[in-house]
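Each chain, written out:
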Amino acid sequence: MATTVLRGGTILTGEAGRPPIEAGWLLVEDGLIAAVGEGDPPGADEVIDASGMLVIPGFVNAHTHLCMIYGRSLGTDRDLLHWLGEAQIPVMRGLEPSDYALSMTLGAVENLKAGNTTVCEVFFSPHYDAEVDQVAAQALDDSGIRSVLFRCTNDESFFDGFVEDRGDIVRRVSELHDRWPNDGRTRIGGGPLIPWGSSEGSFRDLVELSADRGMPLHLHTAETPEYNDLVRERTGRSNVEMLADVGSLGPAVMLNHCVHLSERDIALIAEAGSPVIHDPTSNMLLASGVAPVPALRAAGVPLGLGCDGPACNNGQDMIENMKYAALLQKAVSRRADVVVAEEVFRMATHGGATAIGLGDRLGMLAPGFLADVVLVDARGPHMTPLHDPLAALVYSARGSDVDTVLVGGSVVVRGGVAQTVDEQQVVRDVARRAAAVRAAC
Ligand SMILES: [Zn+2]
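Fair warning: this is a prediction, and the values are worked out from it, not measured in the lab.

It is worth spelling out the domain arrangement of the protein at this point. For the protein, the assigned domains read domain 1 (3–57 + 366–418) and domain 2 (59–355). A C-alpha centroid distance of 28 Å is found between domain 1 and domain 2. Of the residues lining the interface, 27 residues belong to domain 1; the matching set on domain 2 comes to 28 residues. Together domain 1 and domain 2 conceal approximately 2,100 Å² of surface at their shared face, both sides included; 68% is due to carbon and sulfur atoms. Sorting the residues of domain 1 by area buried against domain 2 places Val394, Tyr395 and Val407 first, and these three jointly supply 28% of that buried surface. There are 1 salt bridge connecting domain 1 and domain 2.

So, on to the packing of aromatic side chains. Two aromatic rings, taken as a pair, are described by how far apart their centres are and by the angle between their planes. Counted by the stated rule, this structure contains 7 aromatic pairs. With a centroid separation of 4.9 Å and an interplanar angle of 65 degrees, the aromatic rings of Phe158 and Phe159 are classed as edge-to-face. A relative accessible area of 16% means that Phe158 is categorised as buried. Taken together through their ring pairs, the aromatic side chains of Phe124, Phe158, Phe159 and Phe162 make up a single cluster. The ring of Tyr128 is capped by Arg151, whose NZ or CZ atom sits 3.6 Å from the centre of that ring. Its guanidinium or amino end placed over the ring of Trp180, Arg179 lies 4.0 Å from that ring's centre, counting from NZ or CZ.

Turning next to the coordination of the zinc ion. Within the protein, His63 (NE2), His65 (NE2) and His220 (NE2) serve as the donor atoms for the zinc ion, at 2.0 to 2.2 Å. Sequence spacing of the donor residues for the zinc ion, all on one chain, is H-x1-H-x154-H. In this pair, His65 sits in the loop between strand S6 (59–64) and helix H1 (80–93) while His220 sits in strand S10 (residues 217–221), placing the two residues 155 residues apart along the sequence. The exposure class assigned to His65 is buried, which follows from its relative accessible area of 4%.

Another point: the environment of Asp142. Positionally, Asp142 belongs in helix H3 (residues 132–143). In this structure Asp142 comes out as exposed when scored by relative accessible area, which is 52%. In this structure the C-alpha to C-alpha distance between Asp142 and Val421, which are 279 residues apart in sequence, comes to 8.5 Å.

Turning to a negative patch on the surface, a few remarks are in order. There is a patch of like negative charges on the surface, built from Asp79, Glu226, Asp229 and Glu233. When its relative accessible area of 40% is taken as the criterion, Asp79 is described as partly exposed.

To continue, consider the nonpolar core. Judged by nonpolar contacts, the single largest core of 125 residues is most densely connected at Phe124 and Met322. Shared between two domains, this core takes at least three residues from each, and those domains are domain 1 (3–57 + 366–418) and domain 2 (59–355). In this view, Met322 contacts Phe59, Leu305, Val344, Phe345, Ala348, Leu393 and Val394; residues no more than four positions away in its chain are not counted. Listed in part, the 19 residues of the second largest apolar core include Val28, Leu365, Ala366 and Ala371.

The next thing to look at is the environment of Ala371. Along the chain, Ala371 falls in the loop between helix H12 (341–355) and strand S14 (373–377). Each C-alpha atom of the pair Ala371 and Val405 lies 9.9 Å from the other, and the pair is 34 residues apart in sequence. The contacts of Ala371, once residues within four sequence positions are left out, are Val28, Gly31, Leu32, Ile33, Leu406, Val407, Gly408 and Gly409.

Reading guide: rules and limits
- The residue numbering used here restarts from 1 in each chain and proceeds along that chain's sequence as written.
- Only residues with pLDDT of 70 or above have their local features reported here, since the model is predicted, and side-chain atom pairs are shown and tallied only from 80 upward, although totals for entire chains, interfaces and linings are computed over all residues.
- Where side-chain values are given, they derive from all heavy atoms of the structure, hydrogens and water being excluded.
- Residue ranges assigned to each domain were obtained from an automatic or database domain assignment.
- By the convention used here, residues are in contact when the closest approach between their heavy atoms is within 4.5 Å.
- As a working definition, buried area equals the accessible area (1.4 Å probe) given up by two parts on being put together, with both sides summed.
- A side-chain nitrogen of Lys or Arg and a carboxyl oxygen of Asp or Glu constitute a salt bridge if their distance falls within 4 Å.
- Each pair of aromatic rings taken from Phe, Tyr and Trp, with Trp reduced to its six-membered ring, is defined by centres within 6.5 Å and is described as stacked if the planes are under 30 degrees apart, edge-to-face if over 60, and tilted in the remaining cases.
- Partly exposed residues are those whose accessible area sits between 20% and 50% of the maximum for their type, while under 20% is buried and over 50% is exposed, using a 1.4 Å probe and protein chains only.
- Criterion for a charge above a ring: Arg CZ or Lys NZ at most 6 Å from the ring centre, at most 35 degrees from the ring normal.
- A 2.8 Å cut-off from the metal defines N, O and S donors, relaxed to 3.2 Å for Na, K and Ca; water is not in the atom list, so some sites may appear incomplete.
- Secondary structure counts use DSSP, requiring at least four H or I residues in a row for a helix and at least two E residues in a row for a strand, with both numbered from the N terminus.
- For patches, a residue must show more than 30% relative accessible area and have no salt bridge; joins then use 9 Å for like charges and 5 Å for nonpolar side chains, namely Val, Leu, Ile, Met, Phe, Trp and Tyr.
- The method behind every accessible area is Shrake-Rupley, applied with a 1.4 Å probe, and residues are considered shielded solely by the protein chains displayed.
- The sign given to each residue is positive for Lys and Arg and negative for Asp and Glu; His and the chain ends receive no count.
- Here the site of a charge means NZ on Lys, CZ on Arg, CG on Asp, or CD on Glu.
- Residues belong to a common nonpolar core when they are buried Ala, Val, Leu, Ile, Met, Phe, Trp, Tyr or Cys residues joined through side-chain atoms within 4.5 Å.

Now the structure itself:
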């Protein structure tokens, strides 16, 4: 039974209301957290010195598109649909199957080094015929990160080449899920990519698959007023009303963005128990708007936090994202306590874990939970003095302060260096291939 003890750090367990544990220790046994305490630590096979570090649960980046990483910094300062159609889609059309392994690997390294131990990859591609979803799942798994790969698509309309036959969707999602069932570090989900591009039948197919296979779904929802107009033109209903009517709301259906909601939309989401993922950095960068986080919280909607893709953020820093989540609400409400540090920390950890159905074993440092643990170096000038460790984590720290990362008890980042991937090699390969793809656009 392999054991590891992390000793000497300041532990923020992520449990609601629990104060930091100064000079604490955390014992990991066979990939799980066995005990958390203070004082003299127990012995273990490996001892990790966490002095000067904050010890926190790994972040759950609950919405990203690593499949778009070749488009990072391309077409900036445009709103969502122009940015997507003019800058990003042409690059995605130019990818080859091997590019999906490179993009997932680079994205996984970027996320792990920022302390994001779990990613929800909302994958889409015009190359599903070449089984690029299988390539992507394998690359994520090889990187050592924990992931849910949501294989997303549409059966009626989206950009040319990005539409799949309704029957193919069911068959291919099932094949992918057969290969990566619900019991491992790499999992599979599904979902229509955008809400105006699928038939009601395809929505129902995916809901049925989700129920049969215990698989989560992920839906872009009410991201911009233009999104809502497109859904209304097509169905005569709001985005959320349409989802309710086709049975696509519920605890297994993650709704991403939810920026432009009516009071009735919020009531429908709350009643169904769908979790909502908030992406403040992307919403600001793409000028999408400000999600009604306080109203969703008041209605009892479970909330997680996502960076959104490296092409629309333009990074994968959940610490920065927590800060923006809190600051955005403070700025628009002119209330400093409207969203506080502890709330965004819990959204970024246990909130995301709950949204993917793993709230009973992921997202907190508590006995029996998966040992996804991050050490954040708190000794830098921008972290000193450390009066309030939680406030310092949310408002002072940066993703680059992450020193050590464990996923399921395995060390995947040590001293800021990725242990599972040759980072310099993948950076070189992606830069070379992205330049070639763009030149051919
Ligand atoms: Zn997205």
